[in-house]
Amino acid sequence: MRKRLVPHAVAAAVTAVVLAPLAWPGYVLRYDMVFVPRQALGWEVIAPVTALPRAVPQDAVVALANQLVPGWLLQRLVLVAIVYLAALGAARLVPTDRVAVRVVAALGYAWAPYLAERLLIGQWGLLVAYAALPWLVRAALGVRAGERGALRRLLLAAAVSAITPTGGLLALVVVTVLLAGRYRGAARAVSIGVGATVLLNAPWLVAGFTSHGDGRSDPAGVAVFAARAENWAGPLVSLAGTGGIWNGQATPASRAGWLVPLATVLVLAVAGYGVPLLRRRWPGSMVARLGLLAAGSWLAAALGVLPGGAALLGWLVADVPGAGLLRDGQKLLVPYALALAVAGALGAERLAGRLAARFDAATGRVLLVGAALLPVAVLPDLAFGGVGRLRPVTWPADWATVARLVDEQPGEVVSLPFQEYQSYAWNDGQVVIDPAPRYLGVPVLIDDTLRVGGTAVAGEDPRAARLRELLAAGEPVAAAGPRWVLVQRAAGPTPDPATLAGLRPAYAGGELTLYENPAWTPPPPPARPGPVGLAHLLAGTVVLAIGVSGAARLCYRVVASRHASPAEGEGG
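Since this is a predicted model, take the numbers as computed values, not measurements. (Residues numbered from 1 in each chain as written. Predicted model: local features only at pLDDT ≥ 70, side-chain atom pairs only at ≥ 80, totals over all residues. Heavy atoms only, no water.)

1. Regarding the environment of P25
Moving on, step 1. The topology assignment puts P25 in the loop between α1 (2-18) and α2 (43-46).
Moving on, step 2. Along the backbone, P25 and L73 are 48 residues apart, and their C-alpha atoms lie at a distance of 9.5 Å.
Moving on, step 3. Residue contacts for P25: discarding those within four places in its chain leaves R76 and P392. (Helix = DSSP H or I, 4+ residues; strand = E, 2+ residues; numbered from the N terminus. Contact = heavy atoms within 4.5 Å.)

2. A few points about empty space enclosed by the protein
Moving on, step 1. Enumeration according to the criterion identifies two cavities of 30 Å³ or more in this entry.
Moving on, step 2. In this structure, the largest cavity spans a volume of roughly 60 Å³.
Moving on, step 3. Residue lining of the largest cavity: A129, L133, L136, S161, G167, L170, A171, V174, V334 and P335, and that is the complete set.
Moving on, step 4. Listing elements by their share of the lining of the largest cavity, those giving two or more residues are α7 (124-145), α9 (165-179) and α17 (334-358).
Moving on, step 5. Residues belonging to the lining of the largest cavity are distributed by class as follows: eight nonpolar, two polar and no charged.
Moving on, step 6. The computed volume of the second largest cavity comes to approximately 30 Å³.
Moving on, step 7. Along its surface, the second largest cavity is lined by V34, F35, Q39, Q58, D59, V62, W124 and R438.
Moving on, step 8. With three residues, the top contributor of residues to the lining of the second largest cavity is helix α3 (residues 58-66). (1 Å grid on protein atoms, 1.4 Å probe; cavity = no way out; pocket = protein on both sides within 12 Å on 5 of 7 lines; lining within 4 Å. Points joined across faces, edges and corners; volume = space filled by probe spheres on them. Nonpolar A, V, L, I, M, F, W, Y, C, P; charged D, E, K, R; others polar.)

3. Things to note about the sheet that holds strand β7 (residues 484-488)
Moving on, step 1. With respect to topology, five strands assemble into an open sheet ordered β4-β1-β7-β9-β8, the strand pairing being mixed. In the strand order of this sheet, the two ends are held by β4 (444-445) and β8 (504-508), each with one partner.
Moving on, step 2. Of the strand pairs in this sheet, strand β1 (residues 413-416) and β7 are connected by four bridges, and their pairing is parallel. Counterpart to L416 in the pairing with β7 is V487.
Moving on, step 3. Contacting β1, β7, β8 and β9 (512-516), helix α20 (residues 397-408) crosses the sheet at an angle of about 15 degrees to β9. (Pairing = 2+ DSSP bridges. Axes fitted to C-alpha atoms, helices over the stretch in contact; angles between N-to-C directions.)

4. Some details on the layout of surface pockets
Moving on, step 1. Taken as a whole, the second largest pocket encloses approximately 1,200 Å³ of empty space.
Moving on, step 2. Taken together, 41 residues make up the lining of the second largest pocket; nearest its centre are V128, L156, A157, A159 and V160.
Moving on, step 3. Of all the secondary structure elements, the ones that give two or more residues to the lining of the second largest pocket are α3, α4 (71-93), α7, α8 (150-161) and α23 (530-562).
Moving on, step 4. Take the lining of the second largest pocket: its biggest share by element is nine residues, from α7.

5. A short note on a nonpolar patch on the surface
Moving on, step 1. A cluster of nonpolar side chains, L199, L534, L537 and L538, forms an exposed patch at the surface whose accessible area comes to about 340 Å².
Moving on, step 2. Take the nonpolar patch: its biggest share by element is three residues, from α23.
Moving on, step 3. By secondary structure assignment, the location of L537 is in helix α23.
Moving on, step 4. The exposure class assigned to L537 is exposed, which follows from its relative accessible area of 54%. (Patch = residues over 30% accessible without salt bridge, like charges linked within 9 Å, V, L, I, M, F, W, Y side chains within 5 Å. Areas by Shrake-Rupley, 256 points an atom, 1.4 Å probe, with all protein chains shown as cover. Salt bridge = Lys/Arg side-chain N within 4 Å of Asp/Glu carboxyl O. Buried < 20%, exposed > 50% of the residue type's maximum accessible area, 1.4 Å probe, protein only.)

6. A short note on unusual backbone geometry
Moving on, step 1. P57 follows V56 through a cis peptide bond whose omega is 0 degrees.
Moving on, step 2. Within the secondary structure, P57 is located in the loop between α2 and α3.
Moving on, step 3. The omega torsion across L416 and P417 is 0 degrees, close enough to zero to call that bond cis.
Moving on, step 4. Within the secondary structure layout, P417 lies in the loop between β1 and β2 (421-423).
Moving on, step 5. A positive phi angle, close to 70 degrees, is found at T242, a residue other than glycine.
Moving on, step 6. When its relative accessible area of 4% is taken as the criterion, T242 is described as buried.
Moving on, step 7. The phi torsion at V387 lies on the positive side, around 50 degrees, for a residue other than glycine.
Moving on, step 8. One can find V387 in helix α19 (residues 383-388).
Moving on, step 9. A relative accessible area of 57% places V387 in the exposed class.

7. Brief notes about the pairing of β8
Moving on, step 1. Here four bridges tie β8 to β9, and the two strands are oriented antiparallel to one another. In the strand pairing of β9, Y507 is matched with L514.
Moving on, step 2. Adjacent in sequence and paired antiparallel, β8 and β9 are bridged by three residues.

Structure below.
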């Protein structure tokens, strides 16, 4: 019983400490993390017409869940599930009978720079895939061993991961690498596993192919999104410690400490010491495959800072549609982070065994306690929501009023200041992606140009590019043909009066002002996204089949247990 409860208790404790500020009411709004009271489900959410499908099917899944659960609660359920399942999954994956070693793996994976940095930049959808990966690898082990229900568990983990394009792509690669090979039932497992994972990725794949944009990205983003040195040891060592995110504002201050690189080298050495133990406890081919995934993910993350890598990435993103997914390479570190946590825990177990043999059992236990606490000691400012950076706030009432007005008379909205990220006084000045597309139940046009320092990385949406040209030429925004123009009280350039020429005020509040365009004419009815709708239907069918299969299996076990003979019930 203790072996089962301790990992759950550790996962719960880590979750409570990391997400402590979420005990307060409100919404955490930071960078890419935007939850609203009720996100509307529309065709623009399912299939963006001109923008790349970076939030497909994430926004559609959130909108569906929002019909049942209010946004403030949904955000907490998602974030708690991420941290809790990441810790518990790593604890269950590591092949050991020692509870303390499972705790080392749990903390090594859930209290990691990767999770901290992606959480502080608000990319919760990617962290869903991070939390699902230990469960996916464990299920793949079960598939190769012939365990009943393992393939269903694998597909469930893949389905969860595919909530974002990056997560779905990672799941597809991991499933392909881990399932391929020679074992009983391999052909069936590979065909079902890989085929179903491709279908789970279909929503964003088809949306990308059918988008009006050409799918190519600005090569200037390669340098902007390259891994960043967080301390004196440089970007490669930062990546080796699962850090190195491009955005310094999403990096915990402790990552700049001069001891951090030394701790990274220590963890790498311990992980290397644990590999032989992993080889003895897992099939050799699985260790090699996980090692291949880890090495490949690290090299992909480092490509932007390796000699010749930036030029290669620049060519890819400029000429190959969809290759922009690879610009921010650090986000691909997920398999490496998992391999490091598992091998590191086994290395600590092996070292503890040698110390116990040389001295006494207490010495070995002390080493395991130190190994479990090392991630916390090196990254203390992950606690309490990155020491207060994940602080809930309340949406101003203006947002609900504006949402009601545009819902009564639907039409496209242009959001000003025309910039992708906004900063509001009511959000403590924290940077957040413009929330209007998620809060308002109509199509909203925002600028998708990313400005980092003095560099502007051009977006891919041709509609946004056309509006930028109009504004730069001094033309009124009404010339673009929107029905509504929303002016937000946010950090950024105040709209010029000429920009608002020809518009009629419809609402004026403390935080938002809404203008109506009297010259607006209804556009032709939008073509329903047939191929994209079909892709969502196929992916939903796979998820439904997984759920029905699991429910049927559970019902079978319940019925079988109730109809067991008296002798069977007594263990005779």
